[in-house]
Amino acid sequence: MADQVNSLEELGQVAEGVVAEDTAAAVVAQEEQITREPVRDELGRSYATGKRKDAVARVWIKPGNGKVTVNGKEMDAYFARPVLQMILRQPFTVAGVEGEFDVMATVKGGGLSGQAGAVKHGISKALQLYDPSLRGALKAAGFLTRDARVVERKKYGKRKARRSFQFSKR
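All values reported here derive from a predicted model rather than from experimental measurement.

This part covers unusual backbone geometry. For Lys53, which is not glycine, the phi torsion reads 50° and is therefore positive. Tracing the backbone shows Lys53 in the loop between β1 (46-52) and β2 (55-63). Positive phi outside glycine occurs at Asn71, with the angle close to 50°. Within the secondary structure, Asn71 sits in the loop between β3 (68-70) and β4 (73-74).

So this is what it looks like as structure tokens:
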């Protein structure tokens with residue numbers, strides 16, 4: 001009789017706990033049931049689109065020796081800053097496949113930082129399509145989620161998005 005519920009509140013809490021456990025178990029079971037197939041074209045490449053701020057990157061990956069080409073240039077020439085090069089290497093490091101894939105990317109719009117983020121997003125999505133077993137590591141690192149932060153629009157009656165014109169009393 002120690003397991004008896006003494007009040008309606010306790011009953012509700014017990015029911016919520018059971019529902020939460022069932023829901024979590026159902027999600028895990030559903031993830032296990034989904035068996036993802038690799039998505040590759042006739043040339044053995046995987047394609048994905050990555051986005052960040054105003055930049056859009058089209059990315060193809062294929063097995064190779066780690067050569068990264070962006071808009072027809074080597075990664076070192078296009079992204080001269082070491083920080084941007086590190087951003088492009090992050091998906092391979094997290095997935096544990098450094099130097100195993102060649103990347104060919106075309107990127108438009110935005111600045112260099114946004115373009116590097118877009119290429120990183122595209123590489124992550126393409127890796128996950130090429131080898132679905134890498135999805136867990138990439139998703140845990142947050143590389144498959146599109147960073148939705150964009151520049152706020154300018155409002156009328158304002159100098160910038162939120163900055164007002166300077167007020168003069170006289």
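What follows continues from the structure just given.
This paragraph deals with the environment of Val151. The residue Val151 is located in the segment after α5 (135-141) in this model. Residue classification places Val151 among the exposed residues on the basis of a relative accessible area of 76%. Placed 97 residues apart in sequence, Val151 and Asp54 show a C-alpha to C-alpha distance of 8.8 Å.

This part is about the packing of aromatic side chains. Under the definition given, this model contains three aromatic pairs. Ring centres of Tyr78 and Phe79 lie 5.0 Å apart, and the angle between their planes is 85°; this geometry places the pair in the edge-to-face category. When its relative accessible area of 0% is taken as the criterion, Phe79 is described as buried. Geometrically, the ring pair formed by Phe101 and Tyr130 is edge-to-face, given 5.1 Å between the ring centres and 80° between the ring planes. Highlighted residues: Phe101 in strand β5 (residues 101-108) and Tyr130 in helix α4 (residues 112-130), separated in sequence by 29 residues. The burial state of Phe101 is the same as that of Tyr130; both residues are buried.

Turning next to the pattern of salt bridges. All chains considered together, the criterion is met by five salt bridges. Residues Asp147 and Arg52 are paired through a salt bridge, measuring 3.4 Å at the closest nitrogen-oxygen approach. Here Arg52 lies in strand β1 and Asp147 lies in the segment after α5, a separation of 95 residues in the sequence. Its relative accessible area of 25% is what places Asp147 among the partly exposed residues. When the shortest N-O distance is used, the salt bridge between Arg149 and Asp147 registers 2.7 Å. When salt bridges that share partners are traced, they join Arg52, Asp147 and Arg149 into one network.

Secondary-structure assignment places Gln85 in helix α3 (residues 82-95). Aside from chain neighbours lying at most four places away, what touches Gln85 is Met75, Asp76, Phe79 and Ala80.

The next point concerns the side chain of Thr69. Within the secondary structure, Thr69 sits in strand β3. Among all residues touching Thr69, those that are not within four sequence positions of it are Glu74, Val103, Met104 and Ala105.

This next bit is on α3. The terminal C-alpha atoms of α3, which comprises 14 residues, lie 20 Å apart, in line with the 20 Å expected from a rise of 1.5 Å per residue. Residue Arg89 marks the point of greatest curvature in α3, where the axis turns by about 40°; the proline Pro91 follows within four residues. Regarding α3, the residues found buried are Leu84, Gln85, Ile87, Leu88, Pro91, Phe92 and Ala95. Here the buried face of α3 lies against β3, α2 (75-78), β5, α4 and α5. Backbone geometry just after α3 places Gly96 at a positive phi near 75°.

Definitions and limits used
- Residues numbered from 1 in each chain as written.
- Predicted model: local features only at pLDDT ≥ 70, side-chain atom pairs only at ≥ 80, totals over all residues.
- Heavy atoms only, no water.
- Helix = DSSP H or I, 4+ residues; strand = E, 2+ residues; numbered from the N terminus.
- Buried < 20%, exposed > 50% of the residue type's maximum accessible area, 1.4 Å probe, protein only.
- Phe/Tyr/Trp six-rings, centres within 6.5 Å; stacked < 30°, edge-to-face > 60°.
- Salt bridge = Lys/Arg side-chain N within 4 Å of Asp/Glu carboxyl O.
- Contact = heavy atoms within 4.5 Å.
- Expected span 1.5 Å × (residues − 1).
- Bend = angle between axes of the 7 residues up to and from the residue.

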